[in-house]
Structures are given as C-alpha cells and as structure tokens.
Amino acid sequence: MEFFAPLSLKESGWEFEDKALKVLRFFLFRVDLCFGMWYIYHVKIKIYHMPKGGTCFMKQKINYLGLLSLLALIAVLGWRTGNRGLYGFFGFAYYLRYFWVFPDEFFRLNVQRAATAAFMTEMLSLVPLLFACTYLFGGRKGVPPAFGLSFAAGVFLFTAMLLFLEWKEQRGAEND
C-alpha cells in the first residue's frame, strides 16, 4: 500500500520523515480496515432483517383493496347533482372492510383469481352487449349502456368471486 501526500505538501518541499511516514501508513491502513469491517457487519445485519422481495423495512400498513371504497364518493356526487344513475356506486362502500384485512399471500392469490375472471368477463361480455344495446336503443345511444353494463358485470363478478373464495378459505381454516 503506497501513501501519496497531498499535492500541496509535495510542492512545498516539506519532506516526511521515514518513521512518521510508516506510522501514518499504519494508522490509515488500520482505520480503513476497521471502517470496512464495521460497514460489512452493519450491512450483514440489515440484510438478515430485510424481508424477501422488498427493500423496505416496514410492513404494509394498509390493504390497498380498501381504496376501491373511494368510488362510493361518486354516488355522493350523484346525490348532489340529482343524477340517480350514479347511486349504484354506493356498492363500492363494501370494500371499506378490506382496510382491516391483513393481505397475506393467499389473499393476494384470491384477489388475482377474482380479478382475472372479472376482467375476462368484462371483455367477453362487451361485444354481445354492444350488439344487444345497439339493437335495443338504436345506433350511438346503445354504446354507453353496453360499456356500463359490461363494467357492472365485471365488478359484480369480482366481488362475488372474492366473497366465495374468502368463504372457501374460511371454511377450510375451520376444518383444520
């Protein structure tokens, strides 16, 4: 390990004594080694306490599925404006209960299953509903109800399937 003095000391012509240079080299090497070991020790401790798949050290405080309950505020807007068609959004208040559910792996799997089925139902029901609503309401007037009914079918299936999967999980836990 070589020691390089700052440029200003070399330019000033001041010379280090041999013994002082050896002490300085030993001291700098020792401090660097101790700091390196301290750093490795603390990184090792933090890695041991780090959760798998994440970099944060805090647990998740809320279940984000509960945020769907904010859509119930649209119904309040419908009440204020007199648009009775928006009252159906009060159904999203059901999702308030998920703020108090701890989302474990099995819960996330159930949400994924329900969301996949709801998405496929919404996409597959859109085309037949477009034809039916266009025939019933005529031309352009049939498109918004078709999209609305398709969305409602997806949300209804998501909620019903999630309820069923939770019931099935709860029944399985009681049998164990």
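In this report, the structure presented in the accompanying data block is examined. (Residues numbered from 1 in each chain as written. Predicted model: local features only at pLDDT ≥ 70, side-chain atom pairs only at ≥ 80, totals over all residues. Heavy atoms only, no water.)

1. Quick word on the overall build of the protein
And step 1. A count of helical and extended segments in the protein gives five helices and zero strands.
And step 2. Written out in order from the N terminus, the α and β elements of the protein read α-α-α-α-α.
And step 3. Buried positions account for 17% of the 176 residues belonging to the protein.
And step 4. Long-range pairs, those at least 24 residues apart, make up 60% of the contacts in the protein with a sequence separation of at least 6.
And step 5. Surface exposure of the protein reaches about 14,300 Å², of which carbon and sulfur atoms provide 69%. (Helix = DSSP H or I, 4+ residues; strand = E, 2+ residues; numbered from the N terminus. Buried < 20%, exposed > 50% of the residue type's maximum accessible area, 1.4 Å probe, protein only. Contact = heavy atoms within 4.5 Å. Areas by Shrake-Rupley, 256 points an atom, 1.4 Å probe, with all protein chains shown as cover.)

2. Section: a nonpolar patch on the surface
And step 1. Taken together, Ile-62, Tyr-64, Leu-67, Leu-70, Leu-73, Val-76, Trp-79, Tyr-87 and Phe-90 make up a surface patch of nonpolar side chains, about 910 Å² in accessible area.
And step 2. Summarising the element assignment, Ile-62 is placed in the loop between helix 2 (18-49) and helix 3 (73-81). (Patch = residues over 30% accessible without salt bridge, like charges linked within 9 Å, V, L, I, M, F, W, Y side chains within 5 Å. Salt bridge = Lys/Arg side-chain N within 4 Å of Asp/Glu carboxyl O.)

3. Brief notes about the nonpolar core
And step 1. Counting 11 residues, the largest nonpolar core consists of Leu-65, Ala-72, Phe-92, Tyr-95, Tyr-98, Phe-107, Val-111, Ala-114, Ala-118, Phe-158 and Leu-162.
And step 2. Elements that contribute at least two residues to this core include exactly helix 4 (105-137) and helix 5 (143-175).
And step 3. Here the element with the most residues in this core is helix 4; it accounts for four residues.
And step 4. For Ala-118, the contacting residues outside a window of four places in its chain are Gly-154, Leu-157 and Phe-158. (Core = buried A, V, L, I, M, F, W, Y, C linked by side-chain atoms within 4.5 Å.)

4. Digging into the packing of aromatic side chains
And step 1. Scanning all chains against the criterion turns up 10 aromatic pairs.
And step 2. Centroid distance Phe-89 to Phe-92: 5.9 Å. Interplanar angle 20 degrees. Geometry classified as stacked.
And step 3. Exposure remark for Phe-92: the relative accessible area of 8% places this residue in the buried category.
And step 4. Seen in terms of ring centroids, Tyr-98 and Phe-107 are 5.9 Å apart; in terms of plane orientation they differ by 40 degrees. Their pairing is tilted.
And step 5. Taken together, the ring pairs in this structure connect Phe-89, Phe-92, Tyr-94, Tyr-95, Tyr-98, Phe-107 and Phe-158 into an aromatic cluster.
And step 6. Across the ring face of Tyr-98, the terminal group of Arg-97 is positioned such that the distance to the ring centre comes to 4.9 Å. (Phe/Tyr/Trp six-rings, centres within 6.5 Å; stacked < 30°, edge-to-face > 60°. Lys NZ or Arg CZ within 6 Å of the ring centre and 35° of its normal.)

Everything listed here is a matter of geometry and, on its own, says nothing about what the molecule does.
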